[in-house]
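Structural overview for review
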Amino acid sequence: MRVYHLYSGGKDSSLAAWILTRIGYEVKLVTVTFGMLDNWKYAEETARRLGFKHEILKLPRELLERAAEMAVEDGRPGRAIQFIHEKALEALASKPDVERVSDGTRRDDRVPYLDLSKARSLEDRFGGVAYIRPLLGLGYRTINELVGRLFEVEIRESEELEKSDYEVELRHLLRERGIDPLSIFPRKHYQSRVLGWKEEKVKARG
């Protein structure tokens, strides 16, 4: 049973991928790009270190431009990130060989996050594709405990961290338009990137 898992290389998407393997899925990691930057390479590197298959999903630049307009209109990034995430799931679910899609959204997430009606709609609109969220019942503390046991993690401010999530290209596009991303994204916001397994024996346990 194969599941295509949206992957940024961060701790949540990495933990979710690990859980999927523990319950018997063959996991293929998928990182979104709009073709403006090659920041997807950080997720690809992490996927290789963790032993997962990895591929790139290229979305139209027009979607990123629309998301940028949302961020500027709102003065904050939430609606824009939610829009990109939903479009990424839809693009993945629409592929002919895909029967299962997943992500690393958590119980306490606000953005990105599909509520029950959107989750059901995704599955119904794409021929019964199953949408799987391994972290949906886990809170912040539990996730940090598990991540701490499994992975070596780098945590830095968003502007400084080499990462592969949606906001990297969104920030880049805002700069191209002469807009300082820090006028929209929160300052002192920290994010993570998984560097590899914490110990080789953890990997052996699977």
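Everything here concerns the structure above.
Quick summary incoming for the structure in this document. Along each chain, residues carry numbers from 1 onward, in the same order as the chain's sequence is written. The predicted origin of the model limits local features to residues at a pLDDT of at least 70 and limits the giving and counting of side-chain atom pairs to 80 or more, whereas totals for whole chains, interfaces and linings rest on all residues. Remark: hydrogens and water are excluded; side-chain values derive from all non-hydrogen atoms of the structure.

Looking now at the packing of aromatic side chains. Paired rings are identified among Phe, Tyr and Trp, the last through its six-membered ring, by centres lying within 6.5 Å, and are further divided according to the angle between planes into stacked (under 30 degrees), edge-to-face (over 60) and tilted (the rest). The final tally for this structure, using the stated rule, is one aromatic pair. Over the aromatic face of Tyr113 sits the side chain of Arg133, whose NZ or CZ is 5.2 Å from the ring centroid. The rule is short: NZ of Lys or CZ of Arg within 6 Å of the ring centre and within 35 degrees of the ring normal puts a charge over the ring. Directly above the ring of Phe185 sits Arg171, whose terminal nitrogen or CZ lies 4.2 Å from the centroid.

Before going further, it helps to spend a moment on unusual backbone geometry. Between Val111 and Pro112 the backbone carries a cis peptide bond, its omega angle lying at -10 degrees. Here Pro112 is to be found in the loop between β4 (100–102) and α5 (116–125). Elements are defined by DSSP. Helices are runs of H or I of four residues or more, strands are runs of E of two residues or more, and each kind is numbered from the N terminus.

The biggest cluster of nonpolar side chains holds 35 residues, and the ones touching the most others in it are Val32, Val101 and Leu170. When contributions to this core are tallied by element, the ones reaching two or more residues are β1 (2–6), β2 (26–33), α3 (61–74), α4 (78–93), α5 and α7 (166–176). In terms of residues, this core owes the most to one element, α4, which gives eight residues. Note on contacts: a residue pair is in contact if any heavy atoms of the two residues lie within 4.5 Å. Sequence-distant contacts of Val101, that is, excluding residues within four places in its chain, are made with Val3, Tyr4, Leu89, Leu92, Ala93, Leu122, Val129, Ala130, Tyr131 and Ile132. Nonpolar cores were defined as sets of buried Ala, Val, Leu, Ile, Met, Phe, Trp, Tyr and Cys residues, with membership established by side-chain atoms within 4.5 Å. Accessibility here uses a 1.4 Å probe with only protein chains present; expressed as a share of the type maximum, an area under 20% marks a residue as buried, one over 50% as exposed, and anything in between as partly exposed.

The buried count for β1 comes to four of five residues, which makes it a mostly enclosed element. Pairing geometry for β1 and β2, over five bridges, is parallel. Each bridged residue has a counterpart across the sheet, and for His5 the counterpart in β2 is Leu29. Between the parallel elements β1 and β2, the chain passes through helix α1 (residues 11–22) in a crossover that is right-handed. Two strands form a pair only when DSSP identifies at least two bridges running between them. Here is how to tell: hold the view so the strands point away, follow the path from the first strand over the helix to the second, and if it runs clockwise the crossover is right-handed.

The next thing to look at is the side chain of Ser192. Within the secondary structure layout, Ser192 lies in strand β7 (residues 190–197). A distance of 3.1 Å separates a polar side-chain atom of Ser192 from the backbone nitrogen of Lys11. If we skip the residues at most four places from it in the chain, Ser192 touches Gly10, Lys11, Val153, Glu154, Ile155 and Leu161. Pairing of N or O atoms within 3.5 Å defines a polar contact, subject to two protein rules: one partner must be a possible hydrogen donor and the other a possible acceptor, and residues neighboring in sequence count only if both atoms are side-chain atoms.

Let's shift gears to the sheet that holds β2. Strands in a sheet are paired, the pairing made by backbone hydrogen bonds, and the direction either parallel or antiparallel. A sheet is described by the order of its strands in space; here five strands give the open sequence β3-β2-β1-β4-β5, paired in parallel fashion. Lying at the two open borders of the sheet, with one neighbouring strand each, are β3 (53–58) and β5 (130–132). Put simply, the sheet's adjacent strands are angled 30 degrees from each other on average, direction ignored. Bridge count between β2 and β3: six bridges; the pairing is parallel. Within the sheet, the bridge partner assigned to Val32 lies in β3 and is Leu57. Angles run from 0 to 180 degrees between N-to-C directions of axes, and those axes are lines fitted to C-alpha atoms, restricted for helices to the stretch in contact.

When two helices pack together, their arrangement is given by the angle between the helix axes and by the axis-to-axis distance. The interhelical angle for the contact between α4 and α5, taken along N-to-C directions, is 30 degrees, at an axis separation of 10 Å. Looking at the two axes, α4 sits roughly parallel to α5. For the pair α4 and α5, the sense of crossing is right-handed. Contact residues: Gln82, Glu86, Leu89, Glu90 and Ala93 in α4; Lys118, Leu122 and Arg125 in α5. Taken together, the residues of the contact of α4 with α5 sort by class into three nonpolar, one polar and four charged. Roughly parallel here means an angle under 35 degrees, roughly antiparallel means over 145, roughly perpendicular means 65 to 115, and every remaining angle is called oblique. For any helix crossing, the convention is left-handed if the near helix is rotated counterclockwise from the far helix by under a right angle, and right-handed if that rotation is clockwise. The classification used treats Ala, Val, Leu, Ile, Met, Phe, Trp, Tyr, Cys and Pro as nonpolar, Asp, Glu, Lys and Arg as charged, and all other residues, Gly among them, as polar.

Tracing the sequence through the fold places Arg133 in the loop between β5 and α6 (140–150). When charges are tallied, Lys and Arg are placed among the positive residues and Asp and Glu among the negative ones, while His and the ends of the chain are skipped. The salt bridge definition used is simple: a Lys or Arg side-chain nitrogen within 4 Å of an Asp or Glu carboxyl oxygen. Although Arg133 is buried, it makes no salt bridge; Asp103 carries the closest opposite charge, 5.3 Å away. Setting aside residues up to four positions removed in sequence, Arg133 forms contacts with Asp103, Thr105, Tyr113, Leu114 and Ala119.

The method works on a 1 Å grid over the protein atoms by themselves. A cavity is a set of points holding a 1.4 Å probe that cannot get out, a pocket is an open set with protein on both sides within 12 Å along at least five of seven lines, and residues with an atom within 4 Å of a point line them. Grid points are joined across faces, edges and corners, and a volume is the space filled by probe spheres set on the points. In this structure, the largest pocket occupies an estimated 1100 Å³ of space. Surrounding the largest pocket, 38 residues form its lining, Asp12, Val111, Pro112, Asp165 and Gln191 being those nearest its centre. Elements supplying a minimum of two residues to the lining of the largest pocket: α1, β2, α4, α6, β6 (151–157), α7 and β7. Considered as a void within the structure, the second largest pocket measures approximately 180 Å³ in volume. At four residues, α7 tops the list of elements feeding residues into the lining of the second largest pocket. Among the residues making up the lining of the second largest pocket, the classes are represented as four nonpolar, three polar and six charged.

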